[in-house]
Amino acid sequence: MTITSTEAAHSTLGASSAHRWLRCKASVKLLASLPPQPSSPAAREGSTAHALAEYCLRKGLYDAADAFDAVPGAVADMVPGVNTYLGAVYDVMQRFPDAELYVETRFALKVAPGMFGTCDAIIWVPSVRMLFVFDLKYGVGTPVDVTGDTFVIGDKTFAVPGNEQLMYYALGAVTAMPDFKPKSIRLVVVQPRGGGEPVKSLDVSRYDLYEFSNLLAAAIEADGGYNPGPRQCKWCAKAQCPKLASDAQAAAVDDFGKQASPGAMSPQELGDRLRLAERVEMWAKAVRELASNEAKAGRMPGGYHYVVGREGNRDWKVGVTEKHLKAAVGPAWALTETKLRSPTQLEKDIGKADFAEACASLIIRAPASPVLAPVDDKRPAWLGKAAEGF
């Protein structure tokens, strides 16, 4: 078994962003024009989990519990997910005595300058001429598929069988390592917290990689206008996207006012409007998030200020039991079958006035927080501490 490693880096036309720029080349120029954004807590958590996994592979450790104290920021909660990834990698290493493991290795492509990516782990097995390409996805809530998609670039259609990020890594490995002449290539996505199968794999061929390189070349040479869509827009700067903004404005001015009766629309027209509505909603949500972040950073959007928002949901104070509610409102109102009634349920049953008199001392509620609103909003202006804490 051989283990090697190289320094990680990122590219504007790299593997990890291929899902975006292959579908919307204009996004590259858009993001380059914007100031760098701070990484999110989820991104920092993912980076730390990757560092923990890398440390374990370098040290030959099978249990991340033996390593998280050595990796800054790593916590015990990361151990199960990282161990799932380690198990998938070590399973291959144990099955093939001549397996060569490459950890966090950067591969450059010859398609265009600046095209490179850093793969979490690659295993080359000379005896069976098989290449394994691993990608650890530590995120929660968005399952990542190992299968690919169909791309249309100009008048050409490319059917990509595998996940474009892993196809990129596999192509880079075969290009950079001339001794790698695999008969088969296995792409492996390990997503222990994604909610589906934690380990997914797909076999592709060298011909598939050749076709993928043709797709990359076509995408680089294409004019590259904006092409909004769910996958490419998900992690992009949606609020600053001129195409999404123009779509939203066109919808507001023209499209949604043309038909007075939805029943008069054809199924195709209704479907087109539904897709447009999804774009508008995606753009509007991103604009609100950007405005909120800017306001928290002290850059208040013009014509806006903070007002007092709603208080949090009510709940019973810690320690409130059936005994307390029976004493306050009587035994008939305290329970819903086998559990305490919620404050909302109880208020509805006995009335607001009686509820307020009997239960005020038993209630806990999160205080109101600031809400961004136009300066002519009638709600009281927020006079509390700065909004950074919210």
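Preceding block: the structure.
Residues numbered from 1 in each chain as written. Predicted model: local features only at pLDDT ≥ 70, side-chain atom pairs only at ≥ 80, totals over all residues. Heavy atoms only, no water.

What follows concerns a positive patch on the surface. Together, Arg129, Lys181, Lys183 and Arg206 make up a region of like positive charge exposed at the surface. Structurally, arginine 206 is set in helix α6 (residues 206-221). (Patch = residues over 30% accessible without salt bridge, like charges linked within 9 Å, V, L, I, M, F, W, Y side chains within 5 Å. Areas by Shrake-Rupley, 256 points an atom, 1.4 Å probe, with all protein chains shown as cover. Salt bridge = Lys/Arg side-chain N within 4 Å of Asp/Glu carboxyl O. Lys, Arg positive; Asp, Glu negative; His and termini not counted. Charge placed at Lys NZ, Arg CZ, Asp CG, Glu CD. Helix = DSSP H or I, 4+ residues; strand = E, 2+ residues; numbered from the N terminus.)

So, about unusual backbone geometry. The phi angle of most residues is negative, glycine excepted, and most peptide bonds adopt the trans form. Unusually for a residue other than glycine, glutamate 104 sits at a positive phi of about 45°. Relative to the helices and strands, glutamate 104 is located in strand β2 (residues 100-108). Taking the relative accessible area as the measure of exposure, glutamate 104 reaches 10% and is therefore buried. Phi is positive for arginine 129, close to 50°, though the residue is something other than glycine. Within the element layout of this structure, arginine 129 appears in the loop between β3 (116-125) and β4 (130-136). (Buried < 20%, exposed > 50% of the residue type's maximum accessible area, 1.4 Å probe, protein only.)

Looking now at the nonpolar core. Among the nonpolar cores identified, the biggest contains 41 residues, and Trp21, Leu22, Leu131, Val133, Leu187 and Phe212 are the most heavily contacted of them. Ranked by the residues each element gives to this core, the list is headed by helix α5 (residues 164-176), at eight residues. Contact partners of tryptophan 21, with chain neighbours within four places excluded, come to Thr12, Leu13, Gly14, Ser27, Val28, Met115, Tyr168, Leu216, Ala219 and Ile220. In this structure, Met78, Val82, Val89 and Val188 belong to the second largest nonpolar core, which totals 34 residues. (Core = buried A, V, L, I, M, F, W, Y, C linked by side-chain atoms within 4.5 Å. Contact = heavy atoms within 4.5 Å.)

Look at α5 against α6: their axes get within 10 Å of each other, and the N-to-C directions meet at 105°. Looking at the two axes, α5 sits roughly perpendicular to α6. Together, Glu164, Met167, Tyr168, Ala170, Leu171 and Val174 of α5 and Asp208, Leu209, Phe212, Ser213 and Leu216 of α6 make up the contact between the two elements. Here the contact of α5 with α6 is built from residues that sort into eight nonpolar, one polar and two charged. (Axes fitted to C-alpha atoms, helices over the stretch in contact; angles between N-to-C directions. Parallel < 35°, antiparallel > 145°, perpendicular 65-115°, else oblique. Nonpolar A, V, L, I, M, F, W, Y, C, P; charged D, E, K, R; others polar.)

It is worth spelling out the side chain of arginine 23 at this point. Among the secondary structure elements, arginine 23 is positioned in the loop between α1 (18-21) and α2 (26-32). Taking relative accessible area as the criterion, arginine 23 reaches 11% and is therefore assigned buried. In this structure the side chain of arginine 23 is engaged in a polar contact, spanning 3.0 Å, whose partner is the side chain of aspartate 149. Ignoring anything within four residues of it in the chain, the contact list for arginine 23 reads Asp149, Phe151, Glu164, Asn227, Arg231 and Gln232. (Polar contact = N/O pair within 3.5 Å; in protein donor to acceptor, adjacent residues only side chain to side chain.)

Moving on, we get to the packing of aromatic side chains. Each aromatic ring pair is characterised by the separation of its centres together with the angle its planes make. Under the definition given, this model contains six aromatic pairs. With a centroid separation of 4.0 Å and 20° between ring planes, the pair formed by tyrosine 62 and tyrosine 90 is classed as stacked. You can see tyrosine 62 sitting in the loop between α3 (41-59) and α4 (79-95) and its partner tyrosine 90 sitting in helix α4, a full 28 residues away along the chain. In this structure tyrosine 62 comes out as partly exposed when scored by relative accessible area, which is 48%. For tyrosine 90, a relative accessible area of 4% translates into the label buried. Taking 6.3 Å as the distance between ring centres and 45° as the angle between the ring planes, the aromatic pair formed by phenylalanine 96 and phenylalanine 132 counts as tilted. In this pair, phenylalanine 96 sits in the loop between α4 and β2 while phenylalanine 132 sits in strand β4, placing the two residues 36 residues apart along the sequence. (Phe/Tyr/Trp six-rings, centres within 6.5 Å; stacked < 30°, edge-to-face > 60°.)

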